[in-house]
Amino acid sequence: MNEATPSKLMPALIGGASWGVASALPVVGAVNCACCALVIGGGVLAAFLWLKEVPPTYQASYGDGASLGVVTGVFGAVVVTILTALVQLVGLGGAAQLEQAMSQLRETQDIPPEVEELVNALTSGTVSVGLILILIILWLVLGILFSIVGGIVGIAIFRKKETPAQA
Amino acid sequence: MKAGDGVIALQPLMRWRRAHRDEAPSLGIPGEQGPESRVPLSRSSTYWIVFGASVLWLALVFLAPYGLARGWPAVVFLYALFHPICHQIPERSFWLFGHPLAVCHRCTGLYVGFATGLLLWPSLDVARRWLLETPRRVLLFFVPMLVDVFVIENTYLTRFSTGLVASFPVGLLVWIAAEQLIRPIPVLGGKQTHE
């Protein structure tokens with residue numbers, strides 16, 4: 001007899017919202033510089049919450065972790081994009097990220113003038129909508145990829161080992 | 001230490017190997033009820049998709065300094081892609097073509113470790129079974145990196161190598177996950193189902 005597995009939606013929503021909010025915060029979001037630790041952490045959290053609801057006779061798989069991570073990544077990307085857009089409205093956020101990347105490059109080498117022109121165009125107010133669109137795509141890619149990793153690692157860490165009695 | 005101590009120390013491993021010697025090769029341990037035991041060992045198309053994606057991701061890291069050296073305007077987007085997930089401090093990054101890579105030493109090690117793990121795990125039968133028998137052992141691979149970050153005064157070599165070690169097992173788990181998503185796993189004794 002097959003056992004129904006609990007829905008992944010709520011754990012993914014909680015995990016995604018957690019990393020989305022944390023990533024949008026000015027200081028806390030810097031933790032993502034450690035190879036997207038917040039995003040991975042969101043995936044791990046989602047896996048932990050989902051595994052708490054899973055019946056003891058169900059052996060969760062890494063595929064479950066991956067599908068959980070995909071949903072977590074999408075939710076998180078939506079949250080972080082909305083919050084980043086709000087921050088952008090008050091003058092901080094997306095353009096600042098691009099400027100920071102450029103300023104680090106300027107410290108060590110000459111930037112081609114074409115690149116400077118492109119960055120100036122993107123960070124000006126007239127194309128900020130386009131920049132936000134780029135950020136949405138960026139966070140979807142990063143969020144889904146690293147939440148998948150987090151979900152899989154979370155399954156590996158928190159999954160209960162099936163005992164011979166359950167076989 | 002006496003001459004025979006090494007042999008005595010290896011005896012538990014030798015007994016374990018004798019017990020599993022005649023088992024059919026798989027990604028898991030036949031006889032265990034975990035779903036990994038039913039995932040095929042061979043480098044399937046799924047494997048090559050996952051491996052190809054990891055190599056592509058790594059290639060972007062190295063493409064950034066090349067593009068900057070060539071004066072490609074769009075290269076700024078490559079650096080911006082990795083900026084949310086890496087501090088990109090030039091002094092803590094490898095340099096190529098006179099420019100820093102898109103990510104730091106540690107992140108480079110992480111991505112190299114992921115791809116290297118995918119390359120090597122199909123051949124590491126004993127290690128693979130050891131890891132999949134108790135997946136929580138993946139945490140052991142993270143310990144060197146944590147020590148490197150919080151305890152010791154790190155160098156480019158320790159950052160790169162500990163990052164490589166940390167992500168080495170993750171590639172295997174991601175591969176297995178991809179296989180499990182694509183291929184339906186047979187129900188064993190009615191224990192599980194797939195949505």
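Note: the structure precedes this text.
Below, the structure is looked at part by part.

About the thresholds
- Residues numbered from 1 in each chain as written.
- Chains lettered and ligands numbered in written order.
- Predicted model: local features only at pLDDT ≥ 70, side-chain atom pairs only at ≥ 80, totals over all residues.
- Heavy atoms only, no water.
- 1 Å grid on protein atoms, 1.4 Å probe; cavity = no way out; pocket = protein on both sides within 12 Å on 5 of 7 lines; lining within 4 Å.
- Points joined across faces, edges and corners; volume = space filled by probe spheres on them.
- Helix = DSSP H or I, 4+ residues; strand = E, 2+ residues; numbered from the N terminus.
- Buried < 20%, exposed > 50% of the residue type's maximum accessible area, 1.4 Å probe, protein only.
- Contact = heavy atoms within 4.5 Å.
- Core = buried A, V, L, I, M, F, W, Y, C linked by side-chain atoms within 4.5 Å.

1. Let's talk about the layout of surface pockets
In this model, the largest pocket occupies a volume close to 1,400 Å³. For the largest pocket, the lining is made up of 46 residues, of which Cys35, Ile40, Phe146 and Val149 of chain A together with Val170 of chain B are closest to its centre. Those elements that provide at least two residues to the lining of the largest pocket are helix 2 (37-53) and helix 6 (128-158) of chain A together with helix 2 (45-70), helix 4 (105-120), helix 6 (138-150) and helix 7 (156-182) of chain B. In terms of residue count, helix 7 of chain B provides more of the lining of the largest pocket than any other element does, nine residues in total.

2. Section: the side chain of Ser23 of chain A
Residues and elements named next belong to chain A. Here Ser23 shows up in helix 1 (residues 9-24). Look at Ser23 and you get buried, because its relative accessible area is 12%. Those residues in contact with Ser23, other than ones at most four positions away along the chain, are Gly29, Asn32, Leu38, Val39, Val80 and Trp139.

3. A closer look at the nonpolar core
Counting 37 residues, the largest nonpolar core has Trp50, Tyr62, Ile152 and Ile155 of chain A together with Leu118, Leu172 and Leu173 of chain B as its most contacted members. Secondary-structure elements contributing two or more residues to this core are helix 2, helix 3 (62-89) and helix 6 of chain A together with helix 2, helix 4, helix 5 (125-133), helix 6 and helix 7 of chain B. The element that contributes the greatest number of residues to this core is helix 7 of chain B, accounting for nine residues. Ignoring any residue separated from it by four or fewer positions in sequence, one finds Ile155 of chain A in contact with Ala47, Trp50, Leu51, Ala60, Ser61, Tyr62 and Gly65 of chain A. The next biggest cluster of nonpolar side chains, apart from the first, holds 34 residues, and it includes Ala24 of chain A together with Tyr79, Leu110 and Met145 of chain B.

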